[in-house]
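A structural walkthrough
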Amino acid sequence: MPSAIPMPGAAPVARTPAPGPSRTAPAARRPGRARALAAGAALLAAALLGGCASYETTAPRDAREQAADRPPSAGKGGSGDAAGLPPGAVDCRKAKCIALTFDAGPGEDTPRLLDVLKREHVHATFFLLGANHVMKHPGTVRRIAAEGHELGNHTWSHRILTGIGEAQVREELARTQDAVERITGRRPAVMRPPQGRTDGKVARVSRELGLAQVLWSVSAKDYATDDPAVIEKRVLDQAGRDGVVLLHDIYPGTVPAVPGILAGLKQRGYTVVTFSQLLAPAVPEPGRVYKP
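Model, not experiment: these values are computed from the prediction. Residue numbers run consecutively from 1 along every chain, following the written order of its sequence. With pLDDT at 70 or above as the cut-off, local features in this predicted model cover only qualifying residues; side-chain atom pairs require 80 or more to be listed or tallied, and sums for whole chains, interfaces and linings still use all residues. The basis for every side-chain value is the complete set of heavy atoms in the structure, and neither hydrogens nor water enter the calculation.

Tracing the backbone shows Gly105 in strand 1 (residues 97-105). Overall, the relative accessible area of 1% leaves Gly105 in the buried class. Each C-alpha atom of the pair Gly105 and His248 lies 7.1 Å from the other, and the pair is 143 residues apart in sequence. Here, two residues are considered to be in contact whenever any of their heavy atoms come within 4.5 Å of each other. Not counting residues up to four positions away in its chain, the partners in contact with Gly105 are Phe127, Leu128, Leu129, His133, Asp249 and Ile250. Numbering of helices and strands runs from the N terminus; a helix is a DSSP stretch of H or I covering at least four residues, while a strand is a stretch of E covering at least two. When accessible area is computed with a 1.4 Å probe and restricted to protein chains, residues below 20% of their type maximum are described as buried, those above 50% as exposed, and intermediate ones as partly exposed.

As structure tokens, then:
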């Protein structure tokens, strides 16, 4: 368990009690104030999560709809790349899809995870950490690619990108891009900023390097428990259509929880996909922040 990553999940967001009705003017009669409070809460959450006042996000469903509305001649690059899907591909416009993603690996347990995914005919997105992971387990990285999983970038050393300069952000992302390409011959098209913290600077560098930013809607907080049953329950309780599940293949309780998670999702009618499969017929747009 790398000491550099005490809590790879989202930063905690401060919770403010909902304001009670005023004795002179109940909240229901003051829609302007209610809207202002809601907008302020949204900006606060964005600031705490991303290290900036606000930033725009795109939901996978919205990206799919925008891509479907564009003609095939819309040009290459961005969400208009694909007018349709390849034969046999999952169509998440029709299927009840959820994306499965793993951060901060590969680790010692990743081969066992790959065995589970292969047995269940499931593909996932792996946001790979460069130092002490990609470089330590190149054979596992090659296997991830060879077995059809999606390669993602989770920086070189898990530095919080909003707290460092632009040149350092570029180094954190570019070193992992280069390392993954040397090992697999492929460069990731998606990245996950550590703790989900992003801003305009991170977006600029991501765009330059051809990386879309991927956040999440389901977190088991598997960095805080080794109990597979707890991890499984947290994922299944939060699961929703077009969701993105955040797990880590470096913590001891996670891989043992995956068979139960997959069984539970299947029982609930979900099709488990990679992030890019969730987005199709759109394609990840460099620099853009995707959040369910």
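What follows is about the packing of aromatic side chains. Side-chain rings of Phe, Tyr and Trp, where Trp is taken by its six-membered ring, are said to pair if the distance between their centres is within 6.5 Å; with planes under 30 degrees apart they count as stacked, over 60 as edge-to-face, and otherwise as tilted. Applying the stated criterion to the full structure yields two aromatic pairs. A centroid spacing of 5.4 Å and a plane angle of 25 degrees characterise the contact between Phe102 and Phe126, whose relative ring orientation is stacked. Remark: Phe126 occurs in strand 2 (residues 125-128) and Phe102 occurs in strand 1; sequence separation between them is 24 residues. Just as Phe102 is buried, Phe126 falls in that class too. Looking at Lys96, its charged tip hangs above the ring of Tyr270, at a distance of 4.3 Å from the centre. A ring is scored as having a charge over it whenever the NZ atom of a lysine or the CZ atom of an arginine sits within 6 Å of its centre and within 35 degrees of its normal.

Of all six residues that make up strand 7 (residues 243-248), six are buried, and the element is covered over most of its length. Side chains Gly243, Val245 and Leu247 of strand 7 all project onto a buried face; the interleaved residues Val244, Leu246 and His248 project onto the opposite face, where all are buried too. For two strands to count as paired, DSSP must find a minimum of two bridges between them. Pairing of strand 1 with strand 7, which is carried by six bridges, proceeds in the parallel orientation. Paired with Asp103 across the bridge in strand 7 is His248. Summarising the sheet, strand 6 (residues 218-219) and strand 7 pair through two bridges and their orientation is parallel. By the bridge assignment for strand 7, Ser219 is matched with Leu246. When the strands point away from the viewer and the path from the first strand over the helix to the second turns clockwise, the crossover is right-handed. Handedness of the β-α-β unit built from strand 6, helix 8 (residues 228-238) and strand 7 comes out right-handed.

Glancing now at the side chain of Asp249. Mapping Asp249 onto the fold places it in the loop between strand 7 and helix 9 (254-267). Side chain to side chain, Asp249 and Thr110 meet in a polar contact 2.8 Å long. Ignoring sequence-local partners within four residues, the contact set of Asp249 consists of Phe102, Asp103, Gly105, Pro106, Gly107, Asp109, Thr110, Leu113 and Phe126. N or O atoms closer than or at 3.5 Å make up a polar contact, with two conditions inside protein: a donor-capable atom paired with an acceptor-capable one, and, for residues adjacent in sequence, both atoms drawn from side chains.

One can find Asn153 in strand 3 (residues 150-153). Accessibility expressed as a relative area gives 0% for Asn153, which makes it buried. Among the polar contacts made by the side chain of Asn153, one reaches the main-chain amide nitrogen of Thr155 at a distance of 2.7 Å. Once residues within four sequence positions are removed from consideration, Asn153 is found in contact with Phe127, Leu128, Leu173, Thr176, Gln177, Pro188, Val190, Met191, Arg192 and Leu211.

Judged by nonpolar contacts, the single largest core of 36 residues is most densely connected at Leu100, Leu117, Phe126 and Leu247. For this core, the elements supplying multiple residues, two or more each, are strand 1, helix 3 (110-119), strand 2, helix 5 (138-146), helix 6 (166-184), helix 8, strand 7 and helix 9. With six residues, helix 9 is the largest single contributor of residues to this core. The contact partners of Phe126, leaving out residues within four places of it in the chain, are Phe102, Thr110, Leu113, Leu114, Leu117, Ile144, His149, Glu150, Leu151, Gly152 and Asp249. By nonpolar core is meant a set of buried Ala, Val, Leu, Ile, Met, Phe, Trp, Tyr and Cys residues that side-chain atoms within 4.5 Å join together. Counting 20 residues, the second largest nonpolar core, distinct from the first, contains Ala63, Cys92, Val214 and Leu279.

The next point concerns the pairing of strand 1. Within strand 1, nine of the nine residues are buried, leaving the element largely enclosed by the surrounding structure. In this sheet, strand 8 (residues 271-273) lies alongside strand 1 in parallel orientation, the contact comprising three bridges. Paired with Ile98 across the two strands is Val272, which belongs to strand 8. Inspection of the sheet shows strand 1 paired to strand 2 by four bridges, in the parallel sense. Counted as the bridge partner of Phe102 is Phe126 from strand 2. On the question of chirality, the crossover connecting strand 1 to the parallel strand 2 by way of helix 3 is right-handed.

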